Each structure stands twice: as C-alpha cells, then as structure tokens.
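Geometric and topological summary
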Amino acid sequence: MAYRVIHYINQFFGGIGGEEKADIAPEVRDGVAGPGMGLAKLLGDKAEIVATIICGDNYCVGNQEEVGKFIVDTLKKYNADALIAGPAFNAGRYGMASGFACSAAAAAGYTTLTGMYPENPGVELYKANTYIVPTTDSAAGMGKALPVMAALFAKILSGEKLGTAEAEGYIERGVRINTFYEEVGAERAVAMLLKKIKGEPFTTEYKMPVFDRVTPRPGVKDLSKATIALVTSGGIVPMGNPDHIAASSARNYGGYEIDGVTDLVSGKYQTAHGGYDQTYANQDPDRVLPVDVLRDLEKEGKIGKLYHTFYTTVGNGTAVGNAKKWGEEIGKQLKDNNVQAVILTST
Amino acid sequence: MASIVPISQSVGANRIIPTVAIPHPLGNPTLDEKGEKALRRKLVEKALDALHTDVKEQTVF
C-alpha cells in the first residue's frame with residue numbers, strides 16, 4: 001500500500017506568481033503541482049502525493065495559527081500519512097514556511113520532511129521538529145535535492161530504523177537517542193583518548209552545544225538619558241521564590257517589579273540558586289544584583305532610569321535551548337519597553 | 001558581569017566585566033559595609049563605561 005502524502009509548496013513553485021502573490025492564503029489542489037511532479041516520480045509506488053497545498057510565503061509566516069490548522073485539516077481530509085514541503089533552497093521566508101508546515105504537521109503526529117540550504121533561517125528554527133535535507137542555495141539544485149528527499153522520505157515512511165543524521169544525510173536535529181555499546185564508557189573513552197593522542201580522527205559521543213555569536217551593538221551615547229535593566233542568572237528572587245524557580249536545571253524565569261525598591265535587603269530577597277554557597281547572597285542580595293548602586297546612580301543622574309522590572313533565573317545546569325528562548329523573550333519585552341541597555345550579572 | 005571570564009567568552013558575551021567571586025560577584029564580605037558598596041559601585045561604573053564604549057568584538061574590560 002502506498003503512503004498518502006500532502007506536498008506543501010509556495011506561490012512561486014505553485015505557479016501562481018512571484019513576490020506580488022506572496023500574500024495569498026493557502027489553497028489545496030488534488031494531485032501534484034510544480035516540483036511535486038518530480039517527487040512523485042521518484043517516490044514511485046512507495047508513496048502517492050494525493051494533494052498539494054500552495055500558500056503565499058508572507059501569508060504563512062504572518063498567519064501561522066490559521067495556516068497550521070489548514071495544513072492539519074487538509075491532512076485529515078485526504079486521509080494522509082505524511083507531509084513533505086519545498087524544497088526551499090535559500091529562500092528565507094519559504095524556508096520558514098516549509099519548516100513551519102512540517103512542524104505543524106509533526107505536532108499532529110504526521111511524518112514530515114523538507115529540504116533547504118543549511119543556512120536558511122528555517123533550519124535553525126525547525127530542525128528539531130522535522131527532517132531537513134540539505135540542498136544547494138538555489139533552485140538550480142532541484143535535480144540533486146529531489147532524489148535525496150524522496151529516498152529519505154520513503155525510508156522514514158517505511159518505519160525503517162534511521163542511523164545518525166550524518167549517515168542518513170539530513171541536518172542534525174539535536175535529538176539524542178539511547179544506544180547500547182559492547183564496550184563500557186571507560187573503555188570507549190580511553191580508546192578515544194588514544195586516537196586523539198595519535199592524531200587520528202575520532203567521533204565524540206556527546207557534542208558540546210554551539211553558542212551563537214551576536215554582532216556587538218554600538219555603545220549607548222548618553223547613559224544619563226538611558227533606561228537600564230538588570231537581568232541575572234544568579235537566582236535572586238523575592239523571598240519565598242514565588243515562581244518556584246528550580247535550584248538547578250531551571251524550567252522558568254521570573255520578572256519582578258522593583259519600583260520604589262532602593263536596596264535588596266536580606267529577608268525580602270534571597271537567591272534560589274543551588275550551585276553556589278547561598279550565604280553571601282542571602283545576607284545581601286545586592287552582592288549578586290546591584291540594585292542599591294544603580295539607584296544611587298539614578299538619583300545622581302548618571303543613568304536615566306533603572307528599568308522597573310528585573311528578570312532572573314538560575315544558571316545551574318540550565319538547558320542552553322531554554323536559556324536561549326528565555327533570553328529572546330526577555331529581550332523582546334525590554335526592547336518593547338524602550339530599554340537601551342542591560343546589565344547581566346552571573347554567579 | 002561575571003566571575004568566570006572564559007564562560008562569558010564561550011557563550012558569546014560582547015562586553016565582559018570580571019567580578020569578585022562566584023558566590024558574591026558584586027561584593028566582598030570581608031570588607032565593611034561602606035567599603036563593600038564602594039567596590040560594587042566601582043564595578044557597576046565599569047559596566048556603564050563598557051555599555052558606553054563601542055566594541056567590534058568580544059571585549060574584557
């Protein structure tokens with residue numbers, strides 16, 4: 001029995017139009033359209049593209065809730081098993097739309113796959129939620145991309161066990177899978193070390209997270225007019241830790257108003273951090289979050305204003321993915337409230 | 001503002017102010033209250049200087 005597949009493409013590959021049609025709402029057509037023809041041929045009798053969703057890139061990116069619902073409804077209506085999207089190459093919004101389409105279908109339990117250039121912003125956003133096959137940066141690579149996408153898609157659909165991202169040819173998703181080895185960890189570690197000493201190639205079993213880099217912002221010209229916010233990973237919270245921020249591997253952050261607070265005094269504030277001796281921070285929480293000094297500087301006119309809320313979490317074994325997400329949320333709130341600069345303190 | 005500069009560098013901070021110690025980055029319990037606050041003020045002023053300064057790459061102040 002062939003699997004039933006929905007193909008998601010944008011207005012351009014759907015033959016509706018270019019940039020001027022990027023705002024069109026999603027529509028469904030029976031059967032294949034655009035690159036779906038090539039895909040259908042490659043999938044052969046393993047899977048059938050029963051319908052194609054065509055959606056404007058801007059529309060998809062701007063109306064995710066609606067488009068996500070449309071995609072899942074279409075999958076149900078056609079009694080489909082899976083969704084394949086793109087390939088999007090290096091078209092940024094198409095990459096985001098393809099990644100989103102797969103992500104929405106995957107969340108509803110469908111098998112999904114897309115293809116795009118590794119530097120497409122859609123990769124970073126959606127690689128954890130779907131399989132993404134790396135492609136060239138332009139549609140000139142269509143002929144190369146489709147066979148790889150079709151072969152991997154057929155393999156995933158068949159339920160065959162997949163090897164590593166490297167072995168299977170998709171972009172690493174950051175998903176860890178338990179594996180059994182004949183040799184215990186100590187033996188493997190020594191073998192790895194010996195290879196390293198000999199200068200031979202070796203593969204780590206636990207990759208370190210890759211931290212992104214941000215171009216430094218220009219300096220704040222006039223601090224006496226600037227609103228400055230305090231953010232900390234040192235775990236300073238109001239007494240009693242009202243949002244139950246965990247002492248390690250924190251699952252949340254808190255934002256606390258400090259209007260009228262000129263000094264973080266013992267008994268009113270404390271640290272929730274479980275990774276260092278709390279004695280000194282609990283005696284005087286300003287030792288971690290310098291509210292007292294910033295109030296003085298505010299009064300003296302050296303800074304414009306101390307922002308009315310500080311944000312805090314515990315940086316102790318906290319997942320990098322969570323920290324990144326919270327950082328983006330906090331950054332957005334600060335930006336929306338015209339904060340010019342942030343002092344981050346860390347223990 | 002952090003006590004372990006290599007961590008700040010590895011996670012990508014652009015303006016880094018080395019501080020006193022992990023459990024009290026902006027204080028020193030061996031000083032008297034006045035001395036400790038003066039120390040904290042000096043560090044925060046350094047941070048404000050850093051915020052005011054244009055940098056092209058990760059910089060430890």
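As a starting point, this report considers the structure included with it. Counting from 1, residues in each chain are numbered in the order their sequence is written. Chain labels run from A onward and ligand labels from 1 onward, assigned in the order the entries are written. It should be noted that, the model being predicted, local features are given only for residues of pLDDT at least 70 and side-chain atom pairs only at 80 or more, the latter also being counted only at that level, while totals for whole chains, interfaces and linings use all residues. As a convention, hydrogens and water are excluded, and side-chain values are obtained from all of the structure's heavy atoms.

Here we look at the environment of Ala 186 of chain A
Test applied: Numbering of helices and strands starts at the N terminus; helices are DSSP runs of H or I of at least 4 residues and strands are runs of E of at least 2.
Looking at the element boundaries, Ala 186 of chain A is found in helix H8 (residues 185-198). Placed 82 residues apart in sequence, Ala 186 of chain A and Lys 268 of chain A show a C-alpha to C-alpha distance of 48 Å.

With respect to the interface of chain B and chain A
For clarity, the cut-off: In what follows, a contact means two residues having at least one pair of non-hydrogen atoms within 4.5 Å. By definition, the buried area sums, over both parts, the 1.4 Å-probe accessible area that each loses when the two are put together. Definition used for salt bridges: Asp or Glu carboxyl oxygen within 4 Å of a side-chain nitrogen of Lys or Arg. Here a polar contact means two N or O atoms within 3.5 Å. Within protein one must be a hydrogen donor candidate and the other an acceptor candidate, and residues neighboring in sequence count only if both atoms are side-chain atoms. Three categories are distinguished: nonpolar for Ala, Val, Leu, Ile, Met, Phe, Trp, Tyr, Cys and Pro, charged for Asp, Glu, Lys and Arg, and polar for the others, with Gly belonging to the last.
Contacts between the two partners involve 32 residues from chain B, matched on the other side by 37 residues from chain A. Taken together, both faces of the contact between chain B and chain A bury some 2,700 Å²; the carbon and sulfur share is 60%. Inspection of the region where chain B meets chain A yields five salt bridges. Asp 284 of chain A is the salt-bridge partner of Arg 40 of chain B, the closest N and O atoms lying 3.6 Å from each other. The interface formed by chain B and chain A contains 15 residue pairs in polar contact (both at pLDDT 80 or more). Here the element with the most residues in the side of chain B that touches chain A is helix H2 (residues 33-52) of chain B; it accounts for ten residues. Considering only residue class, the side of chain B that touches chain A consists of 13 nonpolar, ten polar and nine charged.

Here we look at the side chain of Arg 287 of chain A
Rules: Exposure categories follow from relative accessible area, calculated using a 1.4 Å probe and restricted to protein chains: below 20% of the type maximum is buried, above 50% is exposed, and the middle band is partly exposed.
In this structure, Arg 287 of chain A sits in the loop between helix H9 (279-283) and helix H10 (291-299). A relative accessible area of 6% means that Arg 287 of chain A is categorised as buried. Separated by 3.1 Å, the side chain of Arg 287 of chain A and the backbone oxygen of Tyr 280 of chain A make a polar contact. Of the polar contacts made by the side chain of Arg 287 of chain A, one reaches the side chain of Gln 283 of chain A; its length is 2.9 Å. In this view, Arg 287 of chain A contacts Tyr 280 of chain A together with His 24, Pro 25, Leu 26, Gly 27, Pro 29, Glu 36 and Arg 40 of chain B; residues no more than four positions away in its chain are not counted.

Digging into the packing of aromatic side chains
Residues and elements named next belong to chain A. Selection rule: Any pair of Phe, Tyr and Trp rings, taking the six-membered ring for Trp, is counted once the centres come within 6.5 Å. Such a pair is stacked with planes under 30 degrees apart, edge-to-face with planes over 60 apart, and tilted for the rest. Here, a charge over a ring means that NZ of Lys or CZ of Arg falls within 6 Å of the ring centre while also lying within 35 degrees of the ring normal.
Evaluation of the coordinates by the stated rule reveals eight aromatic pairs over all chains. Centre to centre, the rings of Phe 12 and Phe 13 are 5.2 Å apart; their planes meet at 85 degrees, and the pair counts as edge-to-face. According to the relative accessible area criterion, Phe 12 is exposed, its value standing at 52%. The buried category is assigned to Phe 13, whose relative accessible area is 19%. One aromatic cluster in this structure is built from Phe 12, Phe 13, Phe 89 and Tyr 94. Its end group placed over the ring of Tyr 181, Arg 188 keeps NZ or CZ at 4.0 Å from the ring centre.

Description of the pairing of strand E13 (residues 341-345) of chain A
Residues and elements named next belong to chain A. Worth spelling out the cut-off: Paired strands, in this sense, are two strands between which DSSP finds at least two bridges.
Alternating residues of E13 divide into Ala 341, Ile 343 and Thr 345, all buried, and Val 342 and Leu 344, none buried. Where strand E7 (residues 227-232) meets E13, five bridges bridge the pair, whose relative direction is parallel. Within E13, the residue paired with Leu 230 across the bridge is Ile 343.

Looking at the sheet that holds strand E3 (residues 47-55) of chain A
All names here are of chain A. Put simply, the rule reads: Interaxial angles span 0 to 180 degrees and are taken between N-to-C directions of axes, which are lines fitted to C-alpha atoms, for helices over the stretch in contact.
Taken in spatial order, the six strands of this open sheet run E2-E3-E1-E4-E5-E6, and their pairing is mixed. One side of each edge strand has no neighbouring strand; the edge strands of this open sheet are strand E2 (27-30) and strand E6 (131-134). The average angle at which neighbouring strand axes cross in this sheet is 25 degrees, direction not considered. Alignment of strand E1 (residues 3-10) against strand E4 (residues 82-85), held across four bridges, turns out to be parallel. Paired with His 7 across the bridge in E4 is Ile 84. Along the sheet, helix H3 (residues 64-77) makes contact with E1, E2, E3 and E4, crossing E3 at roughly 155 degrees. Where helix H4 (residues 92-107) meets the sheet, its contacts fall on E1, E4 and strand E5 (111-116), and the angle it forms with E5 comes to roughly 170 degrees.

Overview of the pairing of E4 of chain A
Two faces, one strand: in a regular strand the side chains alternate between the faces of the sheet. All names here are of chain A. By the alternation rule, side chains of E4 split into Ala 82 and Ile 84 and Leu 83 and Ala 85, which are all buried. Summarising the sheet, E4 and E5 pair through four bridges and their orientation is parallel. Note that in E5 the partner of Ala 82 across the bridge is Thr 111.

Here we look at unusual backbone geometry
All names here are of chain A. In the segment running from Gly 86 into Pro 87, the intervening peptide bond is cis, with an omega of 10 degrees. Summarising the element assignment, Pro 87 is placed in the loop between E4 and H4. Phi at Ser 249 is positive, roughly 50 degrees, even though this residue is not glycine. Within the secondary structure, Ser 249 is located in the loop between strand E8 (236-238) and strand E9 (254-257).

Some details on the packing of helix H1 (residues 36-43) of chain A against helix H6 (residues 142-157) of chain A
All names here are of chain A. Using the following cut-off: Working definition: roughly parallel below 35 degrees, roughly antiparallel above 145 degrees, roughly perpendicular at 65 to 115 degrees, and oblique for all remaining angles. Should the near helix be turned counterclockwise from the far one by less than a right angle, the crossing is left-handed, whereas a clockwise turn marks it as right-handed.
The geometry of H1 relative to H6 is characterised by a closest axis approach of 9 Å and an angle of 50 degrees between their N-to-C directions. As the angle between them shows, H1 and H6 are arranged oblique. Viewed along their axes, H1 and H6 form a crossing whose handedness is right-handed. Note on element contacts: H6 touches H1 through Leu 146, Pro 147, Ala 150 and Phe 153, opposite Gly 38, Leu 39, Leu 42 and Leu 43. Partitioned by chemical class, the residues of the contact of H1 with H6 number seven nonpolar, one polar and no charged.

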